[in-house]
Amino acid sequence: MADEPLVLGIETSCDETGVGIVRGTTLLADAIASSVDEHARFGGVVPEVASRAHLEAMVPTIERALKDAGVSARDLDGISVTAGPGLAGALLVGVSAAKAYAYALGKPLYGVNHLASHICVDQLEHGPLPEPTMALLVSGGHSSLLLAPDITADVRPMGATIDDAAGEAFDKIARVLQLGFPGGPVIDRLAKEGDPAAIAFPRGLTGQRDAPYDFSFSGLKTSVARWIEAKRNAGEEVPVRDVAASFQEAVVDVLTRKAVRACKDQGVDHLMIGGGVAANSRLRALAAERCERAGIKLRVPRPGLCTDNGAMVAALGAEMVARNRPASDWDLSADSSLPVTEPHVPGVAHDHGDDDHAHDHDHDHLHELSKDNLYS
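Residues numbered from 1 in each chain as written. Predicted model: local features only at pLDDT ≥ 70, side-chain atom pairs only at ≥ 80, totals over all residues. Heavy atoms only, no water.

## Things to note about the pairing of strand β3 (residues 26-34)
Line of reasoning, step 1. Relative to β3, strand β2 (residues 16-23) runs antiparallel, the two sharing eight bridges. Among the inter-strand pairings, E16 is bridged to a residue of β3, identified as S34.
Line of reasoning, step 2. The turn linking β2 back onto β3 is made up of two residues, and G24 within it adopts a positive phi angle of 65°. (Pairing = 2+ DSSP bridges. Helix = DSSP H or I, 4+ residues; strand = E, 2+ residues; numbered from the N terminus.)

This is the structure we're talking about:
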């Protein structure tokens, strides 16, 4: 274990300031500072509020992670950071902090992809990822089916949402039901007391001529909102628990159906589910049922690793170091629309030959840089 790379990861793509420390595939620390309460009164994430919260939380969260892991910053073999996708201002805070620490410590810097990190985090719980792995990523900003033959270099988009993401739909329906923000956890809780078959809400993009792996939740969201509006206009009580259960069932039915189909079509016998919505209890249960029937092994991290966190960024960074991927250049910048086909943003590759120092990196170029370039 001592020979495995020790990496600190920083995640600031949205409203969570996450700092994780990983040695190989072993999680040593996962420190999170959330600003969700600051956004609740607005009914959603406010980018400027999130950015300022990251600035305030960054150094204390890094210090807490190092203390929890029982390591010194100088012990690190590398620092990884979410370079995108995400909120531009929030990402810039994380990238700037990672540059500062990496530069000051003389450590390699890895700008990694948020979505690829959500896949890689499963290694911390269930061991190395099979290659290839099919991944269903569902969150407030993403609903994607991805095929990952190599999580550090080859991630292929199979399908994605064409409008609202699954988590976004949960938040919007919770707002219509006046349940507060975020909507996912409260709808999940209320749905357990409701009837998922009470209301026949539509399943988007499930026709024979529709794109087999793409998702659409905008029509479902509109249908649910209009159903609720009709009840209220008629002076009738809205059966909140039945609405929550029926809406949730429509979402997870489509997600799991398409994910299992993708596995069958591509000949992949493993399905990994990640992202914040992967914490949903009904999604986990239905995925388990359908995967078992199809002979597919399901891998879902524990809920705490599904939501945005620094551990997932550290996990992908550690994999980059272990596979000797090139570190990012110092002109690394945040990219709010970084495509998933770029698991990381590499710099110039360093040739280490055939020696035993697979985790070493050439940092002589550090002395050629001026501090003026630190935040370029």
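## Quick look at the pattern of salt bridges
Line of reasoning, step 1. One pass over the structure, following the stated rule, counts 19 salt bridges.
Line of reasoning, step 2. The residue R156 makes a salt bridge to D154 at a minimum N-O spacing of 2.8 Å.
Line of reasoning, step 3. Look at D154 and you get partly exposed, because its relative accessible area is 24%.
Line of reasoning, step 4. R282 is the salt-bridge partner of E289, the closest N and O atoms lying 3.8 Å from each other.
Line of reasoning, step 5. Looking at E289, the relative accessible area reads 37%, which means it is partly exposed.
Line of reasoning, step 6. Note on R282: relative accessible area 24%, which makes it partly exposed.
Line of reasoning, step 7. Linked through salt bridges whose partners overlap, the residues forming this network are E131, D150, E319, R323 and R325. (Salt bridge = Lys/Arg side-chain N within 4 Å of Asp/Glu carboxyl O. Buried < 20%, exposed > 50% of the residue type's maximum accessible area, 1.4 Å probe, protein only.)

## Notes on the sheet that holds strand β10 (residues 297-299)
Line of reasoning, step 1. Read from one edge of the open sheet, five strands run β8-β7-β6-β9-β10, paired in mixed fashion. Edge strands, defined here as strands with exactly one partner in the open sheet, are β8 (154-160) and β10. When the angles between neighbouring strand axes are averaged without regard to direction, this sheet yields 25°.
Line of reasoning, step 2. The sheet contact formed by strand β7 (residues 143-150) and β8 spans five bridges and is antiparallel. Each bridged residue has a counterpart across the sheet, and for S144 the counterpart in β8 is A160. (Axes fitted to C-alpha atoms, helices over the stretch in contact; angles between N-to-C directions.)

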